[in-house]
Amino acid sequence: MTAISSTPQWKTLEADAAGLARASMRELFEGGADRFARYSIDAAGLFLDYSKNKLTDEVVEHLLALAVTADVEGRRKAMFAGEAINTTENRAVLHVALRAGATGAYSIAGEDVSVAVRAELNKMKGFCARVHQGAFKGYSGRALDTVVNIGIGGSDLGPQMATTALQPFWIGGRRTFFVSNVDGQHLADALDACDPERTLFIIASKTFTTQETMTNATSARAWFLKNGGGESDIAKHFIALSTNAEAVAGFGIDRDNMFQFWDWVGGRYSLWSAIGLSIALQVGFESFEKLLAGARRMDEHFKTAPLAENMPVMLALTGVWNRNFIGAAAHAILPYDQHLARLPAYLQQADMESNGKRIGADGSVVAHATGPVLFGEPGTNGQHAFYQLLHQGTDIVSADFIAPAISQHELGDHHQILLSNFLAQTEALMRGKTEAEVRDELRGEGKTDAEIDALSPHKVFPGDRPTNSILMERLDPETLGSLIALYEHKVFVEGVIWGINSFDQWGVELGKVLARKILPEIAAAGEAKPQAKAHDASTNGLIDRINAMRGKGG
Ligand code: G6Q
């Protein structure tokens, strides 16, 4: 297989980037009045403006040619056809089937999976109704108004992000806690706020073997038994979301209380499956269905729109352009909506676990950069923290700015202030501020020539920092569904171009194995342990230091 970076299409883009080195985005805007119209897309309730990237028509054309060379269309077809595109695990990648709706039909190796998907959704719907109506009661006969979702990674970040994002749609009087960290403080803090008579524990784990989740689940069960519940009450307070029926039964959870999904649903793509039950319980099943419908709209768009008008494709192409040709090694996710506070963390997993890889699908080391480092915070908080580096740092960082035009809580002029900042930042990042502008401004302030000489370099903004702006009318279940699906497909397209398998995650294994080995070497509080010898000097030294500290704590 020819490495993508050896193709003529890639070389052309390298030449484009070199040719544009001396041009500025300011000039590109001045040179093309219709730049905004040309470089924007309306789809599935979202609006993407990608004009504030250092692109020209030639670059766009060449990026599209690269997408064709990488066979984005063929790979997209293969994904939707249920082919085993996750080659290292020999699995189909069919999260789109989870949101296909009443008539959608998806199959894997000739087997229609939609029937099972719909059956499980119906089971979730029925369960939500019973909980919401108070028919599914706790051991003392009280309704369950509190949920503790115990899961980690894909079994936590998606449901947590979506539940947080949809706070205006929460059913009054209901609460959900998300416990993921094996740090006992995480579980303890949640349990402190829970009444065992009214709490439903959802053990969310695809494999039902994950150390953190099983440790938390076991401790939650012990807490429940210690605080009023009996063994025979477990079925009323513990349910499981998993693909592993045997392990669920082993834990003591009733088969009827297990909601299943399938190995063709990757953990980080699973919020649309039974893993989304915590979302549905908090916002209601109708809103959950709207979330699925929003994603479905984006799926349809992604599946059918020509590459040049395809939002996930064009977003991905800006990603490839900035990463591989402009040199941006980091990408910021900047939602101007407080309820999207967990979106950066969610997308960190979606993007970095999918595309943070150095081995191509053919087993060889790739010759180009792959996924960038993702980070972010809601605006305007980030502006008062790390935006300094975005504007004036030595590295180029690309960014996605995301905002609803109308807030779910229009309070005074808050939202106008928020939006003015949203717009000002991308304008500033694109335009920058030249030395001549700075000197003029300082002269206008009455500064001396010496003061101007000293201060002006610090006040120059180089500009040319690439950004995308993503708008929606309101952040609601549909637009959220659409937004998440947009990023899922964006990550997929980038992975195809980079020639990697976006759907495995072997890089999380080594640390897990070593932690199991080290676990018995950590002293219980007050215990003395022999000197560690099995590791490198640093790890041995740290184990000894920790054990010395813990030895005193008996
Ligand atoms: C996601 C990853 C990973 C996974 C967690 C939890 O794509 O596979 O984040 O979701 O490790 O796994 P379980 O759901 O099996 O507990």
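Details of the structure are given in the entry above.
Residues numbered from 1 in each chain as written. Predicted model: local features only at pLDDT ≥ 70, side-chain atom pairs only at ≥ 80, totals over all residues. Heavy atoms only, no water.

A. Representation of the overall build of the protein in the model. When helices and strands are tallied, the protein shows 22 helices and 13 strands. Across its three principal axes, the protein shows a C-alpha extent of roughly 80 × 60 × 55 Å. Looking at the protein as a whole, 51% of its 554 residues qualify as buried. A fraction of 74% describes how many contacts in the protein between residues 6 or more apart in sequence connect residues 24 or more apart. About 23800 Å² of surface is accessible on the protein, with carbon and sulfur atoms providing 53% of the total. (Helix = DSSP H or I, 4+ residues; strand = E, 2+ residues; numbered from the N terminus. Buried < 20%, exposed > 50% of the residue type's maximum accessible area, 1.4 Å probe, protein only. Contact = heavy atoms within 4.5 Å. Areas by Shrake-Rupley, 256 points an atom, 1.4 Å probe, with all protein chains shown as cover.)

B. Representation of unusual backbone geometry in the model. A cis geometry characterises the amide bond from Gly379 onward to Thr380, with omega recorded as 5 degrees. The topology assignment puts Thr380 in the loop between strand E11 (373-375) and helix H16 (387-392). With a phi close to 60 degrees, Asp71 is a non-glycine residue in the positive phi region. Along the chain, Asp71 turns up in the loop between helix H4 (57-69) and helix H5 (72-80).

C. Geometry of the sheet that holds strand E8 (residues 238-242). Read from one edge to the other, the open sheet built from five strands follows the order E6-E5-E7-E8-E9, with strand pairing classed as parallel. What marks the edges here is a single partner per strand, and that holds for strand E6 (175-179) and strand E9 (258-260). Strand-to-strand twist across the sheet, computed as the mean angle between neighbouring axes with direction ignored, equals 20 degrees. Helix H9 (residues 211-226) rests against strand E5 (146-150), E6, strand E7 (199-204) and E8 of the sheet, and its axis sits at about 160 degrees to E7. (Pairing = 2+ DSSP bridges. Axes fitted to C-alpha atoms, helices over the stretch in contact; angles between N-to-C directions.)

D. Seen up close, the site of the ligand. Inspection of the region around the ligand gives 13 residues, with Ser155, Ser205, Thr207, Thr210 and Gln349 positioned closest. Residue Gly154 places a main-chain N or O atom 2.9 Å away from an oxygen atom belonging to the ligand. The protein chains hide 86% of the 410 Å² of surface that the ligand would expose on its own. In terms of residue class, the shell around the ligand is made up of one nonpolar, nine polar and three charged. (Near = heavy atom within 4 Å. Polar contact = N/O pair within 3.5 Å; in protein donor to acceptor, adjacent residues only side chain to side chain. Nonpolar A, V, L, I, M, F, W, Y, C, P; charged D, E, K, R; others polar.)

E. Representation of the environment of Val248 in the model. Within the element layout of this structure, Val248 appears in helix H11 (residues 245-251). With 160 residues separating them in the primary sequence, Val248 and Thr88 have C-alpha atoms 26 Å apart.

F. Expanded view of H5. All of the buried residues along H5 are Val72, Arg76, Ala78, Met79 and Phe80. Tucked inside the fold, the buried residues of H5 contact H4, helix H13 (285-304) and helix H20 (477-498).

G. Broad picture of the pairing of E6. Both E5 and E6 contribute to a ladder of five bridges, which runs parallel. For Val148, the partnering residue across the bridge sits in E6 and is Phe177. With helix H7 (residues 157-165) bridging E5 and the parallel E6, this β-α-β connection has right-handed handedness. (Right-handed = clockwise from strand over helix to strand, strands pointing away.)

H. The packing of aromatic side chains, seen in detail. Under the counting rule described, the total for this entry stands at 24 aromatic pairs. Where Tyr139 meets Phe224, the ring centres are 5.6 Å apart and the plane angle is 80 degrees; that geometry is what we call edge-to-face. In this pair, Tyr139 sits in the loop between helix H6 (114-132) and E5 while Phe224 sits in helix H9, placing the two residues 85 residues apart along the sequence. We classify Phe224 as buried; its relative accessible area is 0%. Seen from their ring centres, Phe208 and Phe251 are 6.1 Å apart, and the 80 degrees between their planes marks the pair as edge-to-face. Highlighted residues: Phe208 in the loop between E7 and H9 and Phe251 in helix H11, separated in sequence by 43 residues. For the pair formed by Phe208 and Phe251, the shared burial category is buried. Members of the aromatic cluster, connected to one another through ring pairs, are Phe80, Tyr106, Tyr269, Phe302, Phe492 and Phe503. (Phe/Tyr/Trp six-rings, centres within 6.5 Å; stacked < 30°, edge-to-face > 60°.)

I. Representation of the sheet that holds strand E2 (residues 46-49). Taking strand neighbours across the sheet as the criterion, the six strands line up as E1-E2-E13-E12-E10-E11 in an open arrangement whose pairing is mixed. The open sheet has two edge strands with one neighbour each: strand E1 (40-43) and E11. Neighbour-to-neighbour, the strand axes of the sheet open up by a mean angle of 15 degrees, direction not taken into account. The pairing of strand E10 (residues 330-335) with E11 spans three bridges and is parallel. Looking at the pairing, Ala332 lines up with Phe375 of E11.

J. Fine view of the environment of Gly267. Within the fold, Gly267 resides in the loop between E9 and helix H12 (277-283). For Gly267, a relative accessible area of 25% translates into the label partly exposed. In the structure, Gly267 is positioned 110 residues away from Leu157 in sequence and 9.8 Å away in space, judged by C-alpha atoms. If sequence neighbours within four positions are ignored, Gly267 has contacts with Gly154 and Lys206.

K. Fine view of the packing of helix H1 (residues 8-20) against helix H14 (residues 311-326). At a minimum axis separation of 10 Å, H1 and H14 run at an interaxial angle of 75 degrees. Between H1 and H14, the interaxial angle falls into the category roughly perpendicular. Residue-level contacts link Trp10, Leu13, Glu14, Asp16, Ala17 and Leu20 of H1 to Trp321, Asn324 and Phe325 of H14. In the contact of H1 with H14, the residues fall into six nonpolar, one polar and two charged. (Parallel < 35°, antiparallel > 145°, perpendicular 65-115°, else oblique.)

L. How the structure looks around the nonpolar core. Counting 114 residues, the largest nonpolar core has Trp264, Leu277, Leu480 and Leu483 as its most contacted members. Discounting chain neighbours no more than four positions away, the residues touching Leu483 are Leu46, Leu340, Leu343, Ile402, Ile470 and Met472. Of all hydrophobic cores here, the second largest spans 22 residues; its members include Ile150, Trp223, Ala240 and Phe251. (Core = buried A, V, L, I, M, F, W, Y, C linked by side-chain atoms within 4.5 Å.)

M. Seen up close, the side chain of Ser398. Residue position: Ser398 is located in strand E12 (residues 397-404). If we skip the residues at most four places from it in the chain, Ser398 touches Asn322, Ala328, Ala330, His331, Ala332 and Pro466.

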